[in-house]
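Per-entry structural report
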Amino acid sequence: MSRLAPGHRGCPGCCDAMAANFVLEAAGDDVIVVSPTGCLEVMTTPYPESAWEVPWIHSLFENTASVAAGIESALKALGRKGNTKIIGLAGDGATMDIGTLGLSGAFERGHDITYVCIDNEAYMNTGVQRSGGTPYGASTTTSPTGKKSFGNRTQKKNMPAIMAAHGAPYVTTTSISYPKDMMRKVKKAVDIEGPCYIHAHAPCSTGWRFESARTVEIGKLAVETALWPLYEMEYSEITGVKKIKNKKPVEEYLKAQGRFKHLFTREGGEKEIAKIQEIADWNVKHYGLE
Amino acid sequence: MKIAIGGMVEPGSTRVNKTGGWRIYRPLYHKDMCIKCGICSLLCPDSSVKAQEDGYVIFDYDYCKGCGICAYECPKDAIEMVLEEK
């Protein structure tokens, strides 16, 4: 079973390394992985080294899905596709901002690829700039908190809904804090013929500002507060939902992270927290989490 | 530096970089408390907690960065983080 080789430059407690390991363990050895620019690429392949022990290629920031689609098409044209799984493994910036065009095209054409977005909710590699995945109220270097700002003003883009709108056979959310859930979904996705999309929530201790040992705990809190719903969609219909047994208030998730600290220390923060609770409540209702 | 065609490099070659030097806290294994659930080796971002054939684990201190996830997630507190001594 493959995993990333040690010696990579990921931070202690790195969520990207965990996500890559779960994908590799679930997908098996007959894979070709495509990664765009991002933490995962930079930390695993400082030239002339590589932490990958499966075929791996670095695409551009914007064309992960295009390169994956090209590999799939080439193998088919050469009669060498066999059972080889083509996997795109990209961050939230590359998926939800820069690479959306190529990703949409690949899903429209229906290539047999699996695309995994490792969503740590900002551009961590370049120093925590906001992305389309950054949630409401989070402080990043380009959505800083200050006298007149409570951090990021926009809501997290609903990327799984965009991918489901392509009519893909399988679109799902998961979290690195639920490795068995994630590995089951990766296995399912790579075995389905056609384009499949997996959106994996991945807490980053460096960018979100919490102790590295708590990576898994923070991810679980996101699910337990309903800020990160776990569900599966087949051909645009929801077919599976992970129910929440004891739903927690969003404060428990927010107060554990430095990027939301201002919500608790600044006057007016409680109003912002109430807005974030509304997002969680919407998720509960929309996805039927309770 | 000579760059290979396509920038190709050897698989798994990051092993030359011993990241154990980053460590501030070291995981200490209490084998008698371990129930062999394997969570620590599954979660380790640095593939440095290795499950053995008998189900117990060994730590690879050459690469362990001391993030503490294994100790934090261990259901039996069989791993303890202690200050690294050089």
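Here, residues in each chain are numbered from 1, in the same order as that chain's written sequence. Working convention: letters from A go to chains and numbers from 1 go to ligands, in the order in which they are written. In keeping with the model being predicted, local features are shown solely for residues with a pLDDT of at least 70 and side-chain atom pairs are shown and tallied solely at 80 or more, while totals for entire chains, interfaces and linings include all residues. Each side-chain value is derived from all of the structure's non-hydrogen atoms; neither hydrogens nor water enter the calculation.

The name recorded for chain B in an unreviewed UniProt entry is 4Fe-4S dicluster domain-containing protein, from Candidatus Methanomarinus sp.

An unreviewed UniProt entry annotates chain A as Pyruvate ferredoxin oxidoreductase originating from Candidatus Methanomarinus sp.

1. Description of the pattern of salt bridges
All names here are of chain A. Just so we agree on the cut-off: Just to be clear on terms, a salt bridge is a Lys or Arg side-chain nitrogen sitting within 4 Å of an Asp or Glu carboxyl oxygen. Only DSSP runs of H or I covering at least 4 residues are called helices, and only runs of E covering at least 2 are called strands; the numbering of each starts at the N terminus. Three labels apply to residues, based on accessible area from a 1.4 Å probe with only protein chains included: buried if under 20% of the type maximum, exposed if over 50%, partly exposed otherwise in between.
Scanning all chains against the criterion turns up 26 salt bridges over all chains. A salt bridge links Lys 76 to Glu 72; its shortest N-O distance comes to 2.9 Å. Within this pair, Lys 76 and its partner Glu 72 are both found in helix α3 (residues 64–77), separated by 4 residues, close to a single helical turn. Of the charged contacts, one joins Asp 181 and Arg 184 as a salt bridge, the two residues approaching to 3.8 Å between their closest N and O atoms. Of this pair, Asp 181 and Arg 184 both sit in helix α7 (residues 179–191), 3 residues apart, which is roughly one turn of the helix. Using a relative accessible area of 16% as the deciding quantity, one classes Asp 181 as buried. Connected via shared salt-bridge partners are Asp 181, Arg 184, Lys 185, Lys 188, Glu 232 and Glu 234.

2. Considerations on the side chain of A:Thr114
Selection rule: By definition in these notes, contact holds between two residues if any of their heavy atoms fall within 4.5 Å.
With respect to the helices and strands, A:Thr114 occurs in strand β4 (residues 114–119). Sequence-distant contacts of A:Thr114, that is, excluding residues within four places in its chain, are made with A:Ile86, A:Ile87, A:Gly88, A:Ala189, A:Val190, A:Cys196 and A:Ile198.

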